[in-house]
Amino acid sequence: MASGDGVGNALHSSKQDLGLGRITEELTCSSMQVGLFTQRDIRLDHPKVQGQISCEGISTRIWCRCDEIFSPVVKMTTLCFMLGIVAVDNLELIQLDVKTAFLHGDLWEEIYMEQPKGFVASGQEYLVCRLRKSLYGLKQAPRQWYKKFDDFIQSVGFSKSDEDQCLFTKTAQDGSPVLIIYVDDMLLSGRHAGELTELVQKLWLKFAMKDLGSARHILGKKISLHRDKRQLFLSQT
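Residues numbered from 1 in each chain as written. Predicted model: local features only at pLDDT ≥ 70, side-chain atom pairs only at ≥ 80, totals over all residues. Heavy atoms only, no water.

### Let's talk about the side chain of Asp-164
So, point 1. The topology assignment puts Asp-164 in the loop between strand S7 (159-160) and strand S8 (167-169).
So, point 2. Despite being buried, Asp-164 has no salt bridge partner; Lys-75 is the closest side chain of opposite charge, sitting 5.4 Å away.
So, point 3. For Asp-164, the side chain forms a polar contact with the main-chain nitrogen of Lys-75, separated by 3.0 Å.
So, point 4. Other than its neighbours up to four places away in sequence, Asp-164 contacts Val-74, Lys-75 and Thr-78. (Helix = DSSP H or I, 4+ residues; strand = E, 2+ residues; numbered from the N terminus. Buried < 20%, exposed > 50% of the residue type's maximum accessible area, 1.4 Å probe, protein only. Lys, Arg positive; Asp, Glu negative; His and termini not counted. Salt bridge = Lys/Arg side-chain N within 4 Å of Asp/Glu carboxyl O. Polar contact = N/O pair within 3.5 Å; in protein donor to acceptor, adjacent residues only side chain to side chain. Contact = heavy atoms within 4.5 Å.)

### Some details on the environment of Asp-164
So, point 1. In this structure Asp-164 comes out as buried when scored by relative accessible area, which is 4%.
So, point 2. A polar contact is formed between the side chain of Asp-164 and the side chain of Thr-78, at a distance of 2.6 Å.

### Quick word on the sheet that holds strand S12 (residues 217-218)
So, point 1. In space, the three strands of this open sheet follow the order S12-S13-S14, with antiparallel pairing throughout. The strands lining the two open edges of the sheet, one partner per strand, are S12 and strand S14 (231-235).
So, point 2. In terms of strand pairing, S12 meets strand S13 (residues 221-226) through two bridges, oriented antiparallel. By the bridge assignment for S13, His-217 is matched with Lys-222.
So, point 3. Sitting on the sheet, helix H2 (residues 76-89) is in contact with S12, S13 and S14, with an inclination near 145 degrees to S14. (Pairing = 2+ DSSP bridges. Axes fitted to C-alpha atoms, helices over the stretch in contact; angles between N-to-C directions.)

### Details of unusual backbone geometry
So, point 1. The backbone of Asn-90 sits at a positive phi, close to 55 degrees, despite the residue not being glycine.
So, point 2. For Asn-90, the position within the fold is in the loop between H2 and strand S4 (92-98).
So, point 3. The backbone of Thr-100 shows a phi angle near 40 degrees, a positive value even though the residue is not glycine.
So, point 4. Structurally, the position occupied by Thr-100 is in the loop between S4 and strand S5 (111-114).

### Considering the confidence of the model for the chain
So, point 1. Taken over all residues, the pLDDT of the chain has a mean of 76, while the share at 70 or more is 69%.
So, point 2. Scored below 50 in pLDDT, residues 22-46 shows 84 contacts in the model against residues more than four places distant or in partner chains.
So, point 3. Below pLDDT 50 for its whole length, residues 48-52 participates in 28 contacts with residues either more than four positions away or in separate chains. (pLDDT = per-residue confidence, 0-100.)

### Quick notes on helix H4 (residues 193-206)
So, point 1. Its 14 residues place the ends of H4 20 Å apart at the C-alpha level, agreeing with the 20 Å of an ideal helix rising 1.5 Å per residue.
So, point 2. Along H4, the residues that are buried comprise Leu-196, Leu-199, Val-200 and Leu-203. Projected onto a plane normal to the axis of H4, the buried residues spread over an arc of 105 degrees and lie on a single side. Away from its buried face, by an angle of more than 90 degrees, H4 presents the exposed residues Gly-194 and Leu-205.
So, point 3. Check the buried side of H4 and you find it contacts S4, helix H3 (141-155), strand S9 (178-182), strand S10 (185-190) and strand S11 (209-214). (Expected span 1.5 Å × (residues − 1). Arc of directions from axis to C-beta.)

### Quick notes on the packing of H3 against H4
For any two helices packed against each other, one specifies the crossing angle of their axes together with the interaxial distance.
So, point 1. Packing of H3 against H4 leaves a shortest axis separation of 12 Å and a crossing angle of 140 degrees. Compared by their axis directions, H3 and H4 come out oblique. Crossing angle aside, the handedness with which H3 passes H4 is right-handed. Across from Lys-148, Phe-149, Phe-152 and Ile-153 in H3, the residues of H4 making contact are Leu-199, Lys-202, Leu-203 and Lys-206. (Parallel < 35°, antiparallel > 145°, perpendicular 65-115°, else oblique. Left-handed = near helix turned anticlockwise from the far one by under 90°.)

### Concerning the pattern of salt bridges
So, point 1. A full pass over the atoms with the stated rule returns five salt bridges.
So, point 2. Residue Lys-148 pairs with Asp-106 through a salt bridge whose shortest N-O separation is 3.7 Å. With Lys-148 in helix H3 and Asp-106 in the loop between S4 and S5, this residue pair connects regions lying 42 residues apart in the sequence.
So, point 3. One salt bridge in this structure joins Asp-150 and Lys-160, with 3.1 Å as the shortest N-O distance. Here Asp-150 is found in helix H3, whereas its partner Lys-160 is found in strand S7, with 10 residues between them in sequence.
So, point 4. For Lys-160, a relative accessible area of 26% translates into the label partly exposed.
So, point 5. Each member of the salt-bridge network shares a partner with another, and the members are Asp-106, Lys-133 and Lys-148.

Encoded structure:
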């Protein structure tokens with residue numbers, strides 16, 4: 001039986017309702033799979049084994065707006081510009097990682113799925129699940145995660161850049177917090193540590209997150225920050 005944060009968070013966050021589902025042109029139906037996978041995280045010294053519940057055999061209908069796919073990926077020019085400001089102005093740079101990010105998205109569509117193997121309700125094997133939250137494997141999952149995050153971060157005073165949808169700034173004042181997002185990774189910079197800590201706490205209360213402390217890696221690249229010389233280097237091995 002697969003176990004770990006992936007499966008537990010999926011079953012908790014997806015808020016499934018058991019009920020009879022009828023496969024029609026107005027519904028999307030799929031099955032779920034549960035399994036273990038090994039992931040080597042460049043930020044860790046050892047591989048980690050996680051359990052994950054995801055969709056398979058997706059049947060997409062045009063009405064589901066699955067063509068409106070968007071994955072929150074910051075532009076490389078934006079990332080380099082942010083890191084440059086961090087080095088020149090000697091700002092704090094914090095890295096955050098969202099646990100099972102796609103499970104936070106709310107579903108607008110009516111989607112029914114078979115009960116996952118190993119988690120079938122006793123005596124209700126003939127029922128299917130109606131999903132209330134996203135699962136990995138759904139085409140709209142990245143879009144729904146981004147929308148959930150975008151709504152929240154703007155509610156706490158941040159503004160989204162018109163040039164890069166994954167860049168958020170709080171005010172135009174020097175040293176004010178700046179946040180960028182790359183799927184489920186975030187970099188947060190600012191001059192005042194207390195202000196950054198307050199924001200991290202708000203994010204932690206809203207989403208299941210890991211505070212990785214001072215940023216050391218991003219997108220497979222190592223970050224080397226030399227504060228005394230106000231220099232920052234990116235290297236890839």
